[in-house]
Amino acid sequence: MWQALGKAVLRFRIPLMIALVLLTAFMGYHASKVQMSYDFSRAIPTDHPKYKAYLEFKKTFGEDGNLLTIGFTTKDFFNINNFNAVTAFQERLKKIDGVEDILSVNGAITLKKNDSTGKLDAIKIFPTPVASQPMLDSLKNIFYTLPFYRGLLYNPNTNAYLLGLRINREVLGSKERERVIGAIEKESAAFAESTHFDLHLSGLPLIRTNVALRIAQEMQWFLIGSILLSALILFIFFRSLSTTFLSLAVVMIGVVYSLATIHMLGFRITLLNALIPPLVVVIGIPNCIYFLNKYHTAFMKTGDKKKAIVEMIGKMGIVTLFCNISAALGFAVFALTKSIILKEFGIVAGINIMGLFFISLVLIPIALYYMAAPKKKHTLYLENKWLQTLLTKIEQWVFSNQRTVYLATAIALVFSVVGISKLKTQSFIVDDLPKKDKIFTDLRFFESNFKGILPLEILVDTKKKNGIAGARALSVYEKVSSFSSYMETYPELARPLSLAEGLKFARQGFYDGDSNNYSMPNAFDGAFLADYLKPGKGKTTNQGSLEKLMSSFIDSNKQITRISVNMADVGSMRMPVLIDSLEAHIPEYFDTSKVSVRLTGSSITFLEGSRFIIKGLKESIFWAFLFISLCMLYLFRSFRILLCSLIPNLIPLVMTAGLMGWMGIAIKPSTVLVFSVALGIAIDITIRFLVNYKQELPHFNGQVHETVVQTIRETGISIVYTSLVLIAGFVIFVFSGFGSTQALGWLTSFTLLVATLTNLILLPALLLLAAKKRK
């Protein structure tokens, strides 16, 4: 069948090439349209209750992750030159299209009772600019009497100050966010240079934008790097520019198809599927090596180029098909998870790894048909003395030291199992970044000075319209205030902000700004503050102050109010404990039969997303084993062979998990991914070895010993070369700026190295043992 297919490819070479060129042009058009993704919450399934709650929150109150913070520490903030410089800096930031509002000390207001109207006037504390140092000192004293701002805009204990920039939500969902964030960073750099302030920028808008930009840059560099590295290794192997360019053409077409697939399916480039183009290069090159290796071997035997091409397809077609199927399954099983980001990765990777097979099957034979016949120097790699010596040593280990092989394997497994017992599951929002990265250090600055900037939202639903309007709402806000005070006892949580704080601020204003009156209104105060509990009727002479605060913390039906609190990046181990503790104490402060209180926000969706990714990846390993086992069973029709094939591929995964445990590497999305990826790729070596073994067995009259020797000699060279390409291709990821990509690089390289050794040493030993048992 496969030889007939080889003849058909050569017979219809012109139509096939035209079809390939036209399809590649079509896919190239779609590849040029691919875009970056700025949505980092898609790890959680869309039908998950907490994801639905988060969407409902955003629909009611808007985006919770649109605050970009700029912070610094100084003892001389209220020096008139510094203060006016910050004011001018703030005014420049306001002019950036996309910046909606800025919260800062310089823009702070105070509330003052108007005796003629009986209402509160919102008065800006600091004029622009402040005229003199004595004036600033006097205004500073007024500002310090307002507890509302303490812990929100400044930390008196560390002399830290904060500017909060609210970014337009439509801008955050588009490519325009790059322009806005870039403009903010440019203005900040200029301000820091002129004032010598050490500025720190953070917040989800900045983190997400810069991470997305780095993903795009790394994808380009790793793609170029993997191509150049593969080209170098191919040229060293084959000593032929034409053969090298042919192999590169195969993987470059595969890269174009992978990007086009992302666009055609309506997906965008994420941190995960940005790995697909370099992976296509790494996985596609072995296809080329095996095809070319068989072509050169066949040509040396026959001396006829056309016959060598047909034999190449006849021998390697089925092998390469099942290798690509197994590799594709290793990735495609991610599509069975409930995580959107994993589904997209699995679908795109699975489709394009299979696409590589068809690209190779069409392009390589046709190109070889038109290329000159290989010369002696092009096949010298088949007689490499170093490799011949290595393969001879492997034969000795397999036939003369089987007990040593089994003993060494057993010791490695015991060592690994002990390491596995040390594994922990832990992930952070920014733990993919190096500890010295500015994004990471700036986030830690805000955690040290303001207890964090990651949003957590608590929604208090009275379950009835106008349930928090009028004086009767005082009891609800008293409970909100009490619960907020309880939350402040957690070291990971910043001071909560709610309408209760606004009411305290208003009460202080009614009592002539006396800070001792910054507290919840009582029944007597309620008569004076009743209007301020009815959002939408206009209570202050400044429409942008208390009115804006009230409207952003109550829904349009006056049924739901929110408590907003920033928190530290506590990680996936501490986060569920923290959330469970908060939820457990809710009944102590609210009558849950009348009021519904639930937690949501980006921090919650991150936690659930990490859980689902890890769970999905663990499940994918099971499904990958199952589907690959079925393929192996179909291919070899033998449970003995199936068992022999799975053991050499289970051991590398166990050893990698053990190594992670011993090195203190936590189980997180980036590290669990390694196992499915490595399994799908490593099983290729097993398939190539066993298919060749099965093909050679009849030639040696069923003699297992002689067949194993011949298989090691015939497939050993291509297996070693292919493994070197794969390991080198994954090692390049170690130079990434993301921990997830680094982990994928070196852990997968280690797994593939061990898989190469187990398949060249342990697998033949198991075949010999199985043959003895059968006798």
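Computed from a prediction, not measured in an experiment: that's the story for all the values here.

## Comments concerning the overall build of the protein chain
Assigned secondary structure in the protein chain consists of 25 helices and 11 strands. Residues classed as buried in the protein chain amount to 59% of the 775 residues present. Within the protein chain, contacts between residues at least 6 apart in sequence are counted, and of these 79% link residues at least 24 apart. Accessible surface, the protein chain: about 32,100 Å² in total, of which carbon and sulfur atoms supply 61%. Separation of charge centres in the protein chain, based on 80 positive and 54 negative side chains, amounts to 11 Å.

## Details of the packing of helix α8 (residues 204-238) against helix α10 (residues 276-302)
Interhelical geometry of α8 versus α10 gives an angle of 15 degrees and a closest axis separation of 9 Å. Taken together, the axes of α8 and α10 are roughly parallel relative to one another. Every pair of crossing elements has a handedness; the one defined by α8 and α10 is right-handed. Residue-level contacts link Met219, Phe222, Leu223, Ser226, Ile227, Ser230, Leu234, Phe237 and Phe238 of α8 to Pro277, Pro278, Val281, Ile285, Ile289, Leu292 and His296 of α10.

## Considerations on the environment of Phe733
Relative to the assigned elements, Phe733 resides in the loop between α24 (704-731) and α25 (739-774). Taking relative accessible area as the criterion, Phe733 reaches 0% and is therefore assigned buried. Taking the C-alpha atoms as reference points, Phe733 and Pro455, separated by 278 residues in sequence, lie 32 Å from one another. Sequence-distant contacts of Phe733, that is, excluding residues within four places in its chain, are made with Phe222, Pro278, Leu279, Thr741, Gln742, Leu744 and Gly745.

## With respect to the pairing of strand β6 (residues 160-167)
A regular strand places its side chains so that they alternate between the two faces of the sheet. β6 sits mainly inside the fold: seven of its eight residues count as buried. Summarising the sheet, strand β5 (residues 154-155) and β6 pair through two bridges and their orientation is antiparallel. Across the sheet, the residue bridging to Tyr154 is Tyr161, located in β6. Adjacent in sequence and paired antiparallel, β5 and β6 are bridged by four residues, among which Asn159 carries a positive phi angle near 55 degrees.

## Quick look at the sheet that holds strand β8 (residues 454-461)
Two pairing modes exist for strands in a sheet, parallel and antiparallel, and in both the strands are linked by backbone hydrogen bonds. Pairing within the open sheet is antiparallel, and its four strands lie in the order β9-β10-β8-β11. Two strands lie at the open edges of the sheet, namely β9 (497-498) and β11 (596-600), each paired on one side alone. Where β9 meets strand β10 (residues 560-567), two bridges bridge the pair, whose relative direction is antiparallel. Opposite Ser498, over in β10, you have Ile563 as the bridge partner. Helix α3 (residues 49-61) rests against β8, β10 and β11 of the sheet, and its axis sits at about 100 degrees to β11.

## A look at unusual backbone geometry
Residues Thr128 and Pro129 are joined by a peptide bond in cis, for which omega reads -10 degrees. As for its position among the elements, Pro129 is in the loop between β4 (120-124) and α5 (133-144). Backbone geometry places Asn466, a non-glycine residue, at a positive phi of 60 degrees. For Asn466, the position within the fold is in the loop between β8 and α16 (474-487).

## Points about the packing of aromatic side chains
Considering all chains together, one arrives at 38 aromatic pairs under this definition. A centroid spacing of 4.9 Å and a plane angle of 15 degrees characterise the contact between Phe415 and Trp662, whose relative ring orientation is stacked. Taken together, the residues Phe415 in helix α14 (residues 402-420) and Trp662 in helix α22 (residues 639-663) connect sequence positions 247 residues apart. Against the face of Phe553 rests Arg562, its NZ or CZ located 4.9 Å from the ring centre.

## Focus on a nonpolar patch on the surface
Side chains of Leu336, Phe622, Trp623, Leu626 and Leu630 sit close together on the surface and give an oily, nonpolar patch of about 480 Å² of accessible area. As for its placement among the helices and strands, Trp623 is situated in helix α21 (residues 602-636).

## What to know about the packing of helix α9 (residues 241-264) against helix α12 (residues 340-370)
Running from N to C, α9 and α12 point in directions that differ by 145 degrees, and their axes come no closer than 9 Å. Where α9 crosses over α12, the handedness of that crossing is right-handed. On the side of α9, the interface is formed by Leu246, Ala249, Val250, Ile253, Gly254, Tyr257, Ser258, Thr261 and Ile262, while α12 contributes Val348, Ile351, Asn352, Leu356, Ile359, Ser360, Leu363, Ile364, Ala367 and Leu368. The residue makeup of the contact of α9 with α12, split by class, is 14 nonpolar, five polar and no charged.

## Remarks on a positive patch on the surface
On the surface, a cluster of positive charge is made up of Lys464, Arg472, Lys479 and Lys594. Mapped onto the fold, Lys594 is located in the loop between α20 (571-589) and β11.

Thresholds applied
Residues numbered from 1 in each chain as written. Predicted model: local features only at pLDDT ≥ 70, side-chain atom pairs only at ≥ 80, totals over all residues. Heavy atoms only, no water. Helix = DSSP H or I, 4+ residues; strand = E, 2+ residues; numbered from the N terminus. Buried < 20%, exposed > 50% of the residue type's maximum accessible area, 1.4 Å probe, protein only. Contact = heavy atoms within 4.5 Å. Areas by Shrake-Rupley, 256 points an atom, 1.4 Å probe, with all protein chains shown as cover. Lys, Arg positive; Asp, Glu negative; His and termini not counted. Charge placed at Lys NZ, Arg CZ, Asp CG, Glu CD. Axes fitted to C-alpha atoms, helices over the stretch in contact; angles between N-to-C directions. Parallel < 35°, antiparallel > 145°, perpendicular 65-115°, else oblique. Left-handed = near helix turned anticlockwise from the far one by under 90°. Pairing = 2+ DSSP bridges. Phe/Tyr/Trp six-rings, centres within 6.5 Å; stacked < 30°, edge-to-face > 60°. Lys NZ or Arg CZ within 6 Å of the ring centre and 35° of its normal. Patch = residues over 30% accessible without salt bridge, like charges linked within 9 Å, V, L, I, M, F, W, Y side chains within 5 Å. Salt bridge = Lys/Arg side-chain N within 4 Å of Asp/Glu carboxyl O. Nonpolar A, V, L, I, M, F, W, Y, C, P; charged D, E, K, R; others polar.

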